[in-house]
Amino acid sequence: MFGGSATFTLSALASLLSFVFGLVVALRWWRSRRPAFAAWAAGLLIFSAAAATQAAGERSGFGPALFRAFYLLGGALGVVYLAQGTLFLLAPRRVATISLGVLLAVTFGLAVDAAIVPVDTASLSTPEGILGGAIDRYSLLHIAVVVLNVVGSAVLVGGSAWSAWRYARDRSGLDRVICNVLLTTGAVIIAAGFSAAKTVGSTLSTLGAYEAVGIAVMFAGFLALGRVGHAQRGTRTLVRADPPAEVRR
């Protein structure tokens, strides 16, 4: 255990928030059938599973199997699937579809590597080990975590920030501006979590706090769609089924 019950609560809270968020987005996909929502829902549910493994490990300790699941889901896959959703909105459909095919192949390869990569069990008693030190830094999984997080965060944060600027410039709706600003902010908070966990007291409680706050901020931004900025115009607007960074095809 690295932070006691408070750490477990923060990680479990992040998992719960992400799970509910994922269900809300999945419902939007069911209504609209837009692939961006499917990718976002997948990313959020992956993140929820990763936070759940983190909570379980903090409560009972990390073994090799739990560490493999945590590092694969939380370290490598969560952010990049959210970024894939952004690609479906901002990139040509053919590019986004090819990207999805590559991502699915990469996911399979990383799952296989995570199952066989040697794990330094002794280091799983420290946050540094759990955050990547327990495997060889030149292993496929470790390299993929670095690359996918940098690329995924750049696409997710950059896409949301660009959309916020575009909507503000075109005066397309205060709700869309707020949504994308909060999505950008939340994504930055989550991206900073792993680095902060290694430097701020070297505890996993730091990571759990960043995850819970980041997901809450992103969820608030998504829920702002159709709800903010309409009352003052004297109209009653239903919540739209449009994505936060909508690009109509």
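What comes next concerns the included structure. (Residues numbered from 1 in each chain as written. Predicted model: local features only at pLDDT ≥ 70, side-chain atom pairs only at ≥ 80, totals over all residues. Heavy atoms only, no water.)

Focus: the packing of aromatic side chains
Line of reasoning, step 1. Tallying each qualifying case throughout the model produces 7 aromatic pairs.
Line of reasoning, step 2. Each member of the aromatic cluster is reached from another via a ring pair, and the members are Phe21, Phe37, Trp40, Phe219 and Phe222.
Line of reasoning, step 3. Over the face of the ring belonging to Trp29 we find Arg33, whose NZ or CZ atom lies 4.7 Å from the ring centre.
Line of reasoning, step 4. If you follow Arg33 out to its NZ or CZ, it ends over the ring of Trp30, 4.1 Å from the centre. (Phe/Tyr/Trp six-rings, centres within 6.5 Å; stacked < 30°, edge-to-face > 60°. Lys NZ or Arg CZ within 6 Å of the ring centre and 35° of its normal.)

Quick look at the environment of Ile189
Line of reasoning, step 1. Here Ile189 is to be found in helix H7 (residues 174–199).
Line of reasoning, step 2. The class for Ile189 is partly exposed, based on a relative accessible area of 21%.
Line of reasoning, step 3. Here the alpha-carbon distance between Ile189 and Ala212, two residues 23 residues apart in the chain, equals 9.5 Å.
Line of reasoning, step 4. Once you skip the residues sitting within four places of it in the chain, Ile189 turns out to touch Tyr210, Val213, Gly214 and Val217. (Helix = DSSP H or I, 4+ residues; strand = E, 2+ residues; numbered from the N terminus. Buried < 20%, exposed > 50% of the residue type's maximum accessible area, 1.4 Å probe, protein only. Contact = heavy atoms within 4.5 Å.)

Let's talk about the packing of helix H4 (residues 93–116) against helix H6 (residues 140–170)
Line of reasoning, step 1. Running from amino to carboxyl end, H4 crosses H6 at an angle of 140°, the nearest separation of the two axes being 9 Å. Taken together, H4 and H6 sit at an angle that is classed as oblique. Every pair of crossing elements has a handedness; the one defined by H4 and H6 is left-handed. Residues Val106, Gly109, Leu110, Asp113 and Ala114 of H4 form the contact with H6, whose participating residues are Leu140, Leu141, Ala144 and Leu148.
Line of reasoning, step 2. Among the residues making up the contact of H4 with H6, the classes are represented as 7 nonpolar, 1 polar and 1 charged. (Axes fitted to C-alpha atoms, helices over the stretch in contact; angles between N-to-C directions. Parallel < 35°, antiparallel > 145°, perpendicular 65-115°, else oblique. Left-handed = near helix turned anticlockwise from the far one by under 90°. Nonpolar A, V, L, I, M, F, W, Y, C, P; charged D, E, K, R; others polar.)

Quick word on the packing of helix H3 (residues 64–90) against H6
Line of reasoning, step 1. Remark: H3 packs on H6, axes separated minimally by 8 Å, with the N-to-C direction vectors making an angle of 35°. For the crossing formed where H3 meets H6, the hand is left-handed. Listed contacts from H6 to Tyr71, Leu72, Gly75, Ala76, Val79, Val80, Leu82, Ala83, Thr86, Leu87 and Leu90 of H3 are Leu141, His142, Val145, Leu148, Asn149, Gly152, Ser153, Val155, Leu156, Gly159, Trp162 and Ser163.
Line of reasoning, step 2. Classifying every residue of the contact of H3 with H6 gives 15 nonpolar, 8 polar and no charged.

Points about the nonpolar core
The nonpolar side chains of soluble globular proteins are, as a tendency, buried together.
Line of reasoning, step 1. One finds Phe67, Leu110 and Leu141 to be the most contacted residues of the largest nonpolar core, which totals 27 residues.
Line of reasoning, step 2. Of all elements in the fold, only H3, H4, helix H5 (127–133), H6 and helix H8 (204–223) reach the threshold of two or more residues within this core.
Line of reasoning, step 3. Formed by 23 residues, the second largest nonpolar core is a distinct cluster that contains Ala41, Ala96, Ile215 and Phe219. (Core = buried A, V, L, I, M, F, W, Y, C linked by side-chain atoms within 4.5 Å.)

As for H4
Line of reasoning, step 1. Its 24 residues give H4 an end-to-end C-alpha distance of 35 Å, which sits within 8% of 34 Å, the value for a rise of 1.5 Å per residue.
Line of reasoning, step 2. Here H4 has its buried residues at Ala96, Leu103, Thr107, Leu110, Asp113 and Ala114.
Line of reasoning, step 3. Each element contacted by the buried residues of H4 is listed here: H3 and H6. (Expected span 1.5 Å × (residues − 1).)

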